[in-house]
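Chain by chain, the residues:
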Amino acid sequence: MATARKRTPSKPEPEPKPQAPTASSSAADPPISPPKYGAILKLSCFFLILYVYLVARHYEIDPELKGSILINAGLSLFGYFATVRLIPVASRYVLRRNLFGYDINKKGTPQGSVKVPESLGIVVGIVFLVLAILFQFSNFTADSNWLVEYNAALASICFMILLGFVDDVLDVPWRVKLILPSFAALPLLMAYAGHTSIIIPKPLVPYIGIEILNLGWIYKLYMGLLAVFCTNSINIHAGLNGLEVGQTVVIAAAILIHNIMQIGASKDPEYQQAHAFSIYLIQPLLATSLGLLSYNWYPSAVFVGDTFTYFAGMTMAVVGILGHFSETLLIFFLPQILNFLLSLPQLAGIVPCPRHRLPRFDPQTGLLTGTNDGTLVNFFLRLFGQKTEKSLCILLLVFQALGCCFCFLLRWLLAGWYK
Amino acid sequence: MATARKRTPSKPEPEPEPKPKPHSPAADPPLSPPKYGSVLKLSCFFLIPYVYLVARHYEIDPELKGSILINAGLSLFGYFATVRLIPVASRYVLRRNLFGYDINKKGTPQGSVKVPESLGIVVGIVFLVLAILFQFSNFTADSNWLVEYNAALASICFMILLGFVDDVLDVPWRVKLILPSFAALPLLMAYAGHTTIIIPKPLVPYIGIEILNLGWIYKLYMGLLAVFCTNSINIHAGLNGLEVGQTVVIAAAILIHNIMQIGASKDPEYQQAHAFSIYLVQPLLATSLGLLSYNWYPSAVFVGDTFTYFAGMTMAVVGILGHFSETLLIFLLPQILNFLLSLPQLAGIVPCPRHRLPRFNPQTGLLTGTNDGTLVNFFLRLFGRKTEKSLCILLLVFQALGCCFCFLLRWLLAGWYK
């Protein structure tokens with residue numbers, strides 16, 4: 001259930017193909033490969049065009065709200081460049097302190113013996129926090145309720161980054177890893193001043209007898225569990241170059257589109273504010289994650305560490321909770337849910353669970369073969385046959401995107417039917 | 001200006017006295033048991049007057065008193081949690097090669113012992129959990145209080161994160177200087193109080209106005225206060241137990257000041273501000289005492305920049321949100337003196353070595369002051385050679401005297417300048 005990038009003993013990892021001339025680094029250490037701007041641009045422009053169209057032209061959005069969203073977008077763009085600038089710097093420090101791993105999926109090739117810097121999620125986390133803190137200064141319409149939620153969100157996300165980094169450095173036992181997100185989610189649970197009732201789907205009302213059910217503390221328990229789930233599910237759906245960051249980018253893009261559609265479709269200012277709140281946190285998440293993906297995309301020049309997966313999962317849980325769209329968020333997480341269900345037998349100990357549940361890599365052909373481990377990665381390989389790491393990752397990300405589209409379709413079909 | 005516990009090459013450090021080994025299940029050599037006796041002696045001097053003031057001396061609104069006592073109970077639990085977790089964390093920390101050698105024991109057997117570093121992370125995490133849990137018990141919290149409290153949590157948490165990143169990655173000192181400014185930003189944003197200062201009465205005829213609104217300059221002052229508190233504790237270091245000890249003394253002084261202000265005032269908003277400080281400093285004091293149980297001479301663990309940044313930021317936060325930052329600065333008198341003494345070397349005018357520690361003589365076990373500009377060396381040059389333990393006690397007594405002087409000053413000047 002861990003990533004493939006733990007500090008495994010000597011596994012060879014050479015350069016798989018002639019790389020572009022190494023980056024202009026001033027340090028004495030071998031610099032990391034330059035950021036893969038091309039791949040990032042291709043990946044994001046499909047989403048960006050759609051998003052910019054929705055924000056700028058398609059919907060009639062209150063100009064003040066639109067202004068805030070654009071300020072936040074500008075800040076996030078700056079965050080992208082800051083992340084891209086800082087990752088090579090941090091990599092030198094991280095390597096110096098022996099925080100690295102070998103790429104298991106390149107074992108047997110020259111790139112399998114390269115020391116890949118780990119835990120670069122810390123750069124993403126810190127840049128994100130600075131962006132999120134600075135954004136507060138620009139939001140003049142903030143009332144004290146908004147500030148409480150925002151600061152509680154910051155405290156939760158910051159605590160999660162701290163715990164994630166402590167885990168990366170000290171390698172805490174997995175039982176502790178499971179409960180860490182619950183602690184980090186506590187400021188959020190405390191600050192959540194929204195309703196704790198759910199609307200019973202219309203078809204079920206005749207059977208249950210009531211239209212609205214107030215869950216009270218059970219709702220808060222659900223929120224806590226959501227945080228635990230989001231963080232750990234991203235953490236175990238991993239093992240290929242670019243998979244962890246890639247899934248985060250896809251889900252974040254879907255969240256943003258969902259938010260902007262809800263803002264456009266609604267007239268209720270409080271409802272709009274909730275989705276705007278989510279936008280203010282997800283735009284920086286998307287931008288800084290794209291910055292990390294520039295280095296982490298296949299072939300990975302850096303690894304992200306539990307710091308990143310915990311940070312990303314917690315941020316998404318936070319916006320799902322405070323934006324009041326956690327059910328939609330869960331459907332975006334469909335591949336993660338599938339992966340979790342596939343993993344259950346091994347996680348529960350019913351089936352033996354090896355340290356890494358990765359596919360088998362053949363250095364001669366460069367292809368991955370699926371093992372019998374219960375992960376979505378292996379399942380796809382068993383279903384679709386052998387694949388290269390890059391094409392498998394792209395396949396899984398396309399599956400993620402399709403899942404999000406399915407969610408939008410579902411919401412459109414069921415609108416008015418169950419709510 | 002760093003602590004004496006950076007990852008310096010081979011310096012010997014043996015056990016100074018035979019200690020019974022504690023019951024540790026791991027294969028690593030276990031830590032020395034916590035020095036409950038010293039900590040009890042140190043804290044009961046403070047605890048007795050504090051408990052008396054809270055419980056009997058002042059007429060405090062029962063709801064407020066209840067909150068303070070709940071927080072105190074939570075903090076006590078935090079003390080035991082910290083004491084319980086430090087040995088566990090030490091094993092993980094040593095396994096990842098986060099350790100240092102005790103430079104002030106070089107030449108003796110204890111100078112070659114690997115002392116686990118950065119145990120401030122345990123203190124930080126326990127503190128955060130206590131502070132988060134306390135919110136659930138505070139039913140009188142209005143949204144203003146929640147904003148300040150969450151902003152405080154965010155600032156302190158960010159500072160712990162940056163401190164731990166610094167301990168692990170060893171960031172350059174210029175970066176270290178500005179880190180606290182970033183961590184203080186949530187605080188500056190949430191600060192909804194007045195940005196005015198009251199001109200001391202004797203100066204009013206010269207300046208012409210009674211109240212001066214500083215606006216953004218006040219916020220700049222707040223940011224600088226955060227930078228100062230964190231870094232000044234960081235450089236007043238180098239002896240076993242000095243960093244945690246000074247934190248404990250100042251925290252105790254802050255608590256006594258808070259409770260005195262609550263008792264002396266009838267204004268509920270004023271009382272709330274000082275109560276806010278109590279809610280954060282009681283856990284700070286308790287968890288720091290837990291760390292001191294292992295860090296007091298001879299240190300079984302080192303605290304790392306994680307602790308000094310965390311402690312400094314927490315104190316800056318309560319000083320700002322409790323509106324008593326001038327009093328806080330007077331509590332920090334030894335740190336200010338140390339900073340002034342250090343200025344020539346920090347500015348580069350005088351050459352600045354990596355460690356500005358006194359010279360240790362393994363034969364006599366005494367420290368001799370060098371010409372470095374630190375309070376530690378100044379005291380040694382003034383009072384002659386001393387053992388590490390007695391010097392540390394001397395410096396902590398000086399810290400406590402500074403705090404008493406502050407109380408005296410406030411009493412003398414009450415009514416005169418405000």
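In case you missed it, the structure is sitting above this.
All of the points below concern the structure found in this document. Since this is a predicted model, take the numbers as computed values, not measurements.

## Description of the overall build of chain A
At step 1: Each helix and strand in chain A was counted, giving 14 helices and 6 strands.
At step 2: For chain A, whose C-alpha radius of gyration is 21 Å, the value lies close to the compact-globule estimate of 22 Å for 419 residues.
At step 3: Along the three orthogonal principal directions, the C-alpha set of chain A runs to about 60 × 50 × 35 Å.
At step 4: Partitioning the intrachain contacts of chain A with sequence separation of at least 6 by distance along the chain shows that 76% fall at a separation of at least 24.

## Section: the packing of aromatic side chains
At step 1: Under the definition given, this model contains 33 aromatic pairs over all chains.
At step 2: Members of the aromatic cluster, joined through ring pairs, are A:Phe135, A:Trp146, A:Tyr150, A:Phe277 and A:Tyr280.

## Remarks on the packing of helix H3 (residues 121-138) of chain A against helix H5 (residues 173-190) of chain B
At step 1: As a packed pair, H3(A) and H5(B) sit with axes 9 Å apart at the nearest point and diverge in direction by 30°. Considering their axes alone, H3(A) and H5(B) lie roughly parallel with respect to each other. In the crossing of H3(A) with H5(B), the sense of the turn from one axis to the other is left-handed. Between H3(A) and H5(B), the contacting residues are A:Val130, A:Ile133, A:Leu134, A:Gln136 and A:Phe137 on the first element and B:Phe182, B:Leu185, B:Pro186, B:Leu188 and B:Met189 on the second.

## Observations regarding a nonpolar patch on the surface
Residues and elements named next belong to chain A.
At step 1: Together, Ile-198, Leu-204, Tyr-207, Ile-208, Ile-210 and Leu-213 make up an exposed nonpolar region whose accessible area comes to about 560 Å².
At step 2: Considering the arrangement of structural elements, one finds Leu-213 in strand E4 (residues 212-214).
At step 3: Taking the relative accessible area as the measure of exposure, Leu-213 reaches 31% and is therefore partly exposed.

## Side note on helix H14 (residues 388-413) of chain B
Residues and elements named next belong to chain B.
At step 1: Between the first and last C-alpha of H14 there are 37 Å, a value that for 26 residues agrees with the 38 Å anticipated at 1.5 Å per step.
At step 2: Buried residues of H14: Glu-388, Leu-391, Cys-392, Leu-395, Leu-396, Gln-399, Gly-402, Cys-403 and Cys-406, and no others.
At step 3: Buried residues along H14 sit against helix H8 (242-264), helix H11 (325-331), helix H12 (333-346), strand E6 (366-368) and helix H13 (375-383).

## Some thoughts on the interface of chain B and chain A
At step 1: The interface of chain B with chain A comprises 40 residues on the first partner and 40 residues on the second.
At step 2: Summing both partners gives a buried area of about 3600 Å² for chain B against chain A, and 80% of it is carried by carbon and sulfur.
At step 3: The largest contributions to the chain B side of the interface with chain A come from B:Arg96, B:Leu169 and B:Met189, which together make up 19% of the buried area.
At step 4: Here chain B is connected to chain A by 0 salt bridges.
At step 5: For the interface between chain B and chain A, the tally reads 2 residue pairs in polar contact (both at pLDDT 80 or more).
At step 6: When contributions to the side of chain B that touches chain A are tallied by element, the ones reaching two or more residues are helix H2 (62-95), helix H3 (120-137), helix H4 (143-169) and H5 of chain B.

## A few points about the state of the cysteines
Residues and elements named next belong to chain B.
At step 1: Evaluated as defined, the whole model comprises 0 disulfides over all chains.
At step 2: Distance from the sulfur of Cys-403, which forms no disulfide, to the nearest cysteine sulfur (Cys-404) is 6.9 Å.
At step 3: Exposure remark for Cys-403: the relative accessible area of 3% places this residue in the buried category.

## Considerations on unusual backbone geometry
In most cases, non-glycine residues show a negative phi, while peptide bonds are predominantly trans.
At step 1: With omega at -10°, the peptide bond leading from A:Tyr298 into A:Pro299 counts as cis.
At step 2: Tracing the backbone shows A:Pro299 in the loop between helix H9 (269-296) and helix H10 (305-322).
At step 3: Residue B:Pro298 follows B:Tyr297 across a cis peptide bond; omega there is -10°.
At step 4: Here B:Ser118, not a glycine, exhibits a phi torsion of approximately 60°, which is positive.
At step 5: For B:Ser118, a relative accessible area of 0% gives the class buried.
At step 6: Phi angles above zero are rare outside glycine, and B:Asp170 is one such case at about 60°.
At step 7: Locating B:Asp170 in the fold gives a position in the loop between H4 and H5.
At step 8: In this structure B:Asp170 comes out as partly exposed when scored by relative accessible area, which is 28%.

The rules behind the values
- Residues numbered from 1 in each chain as written.
- Chains lettered and ligands numbered in written order.
- Predicted model: local features only at pLDDT ≥ 70, side-chain atom pairs only at ≥ 80, totals over all residues.
- Heavy atoms only, no water.
- Helix = DSSP H or I, 4+ residues; strand = E, 2+ residues; numbered from the N terminus.
- Rg over C-alpha atoms; globule rule 2.2 N^0.38 Å.
- Contact = heavy atoms within 4.5 Å.
- Phe/Tyr/Trp six-rings, centres within 6.5 Å; stacked < 30°, edge-to-face > 60°.
- Axes fitted to C-alpha atoms, helices over the stretch in contact; angles between N-to-C directions.
- Parallel < 35°, antiparallel > 145°, perpendicular 65-115°, else oblique.
- Left-handed = near helix turned anticlockwise from the far one by under 90°.
- Patch = residues over 30% accessible without salt bridge, like charges linked within 9 Å, V, L, I, M, F, W, Y side chains within 5 Å.
- Areas by Shrake-Rupley, 256 points an atom, 1.4 Å probe, with all protein chains shown as cover.
- Salt bridge = Lys/Arg side-chain N within 4 Å of Asp/Glu carboxyl O.
- Buried < 20%, exposed > 50% of the residue type's maximum accessible area, 1.4 Å probe, protein only.
- Expected span 1.5 Å × (residues − 1).
- Buried area = accessible area lost by both parts, 1.4 Å probe.
- Polar contact = N/O pair within 3.5 Å; in protein donor to acceptor, adjacent residues only side chain to side chain.
- Disulfide = S-S within 2.5 Å.

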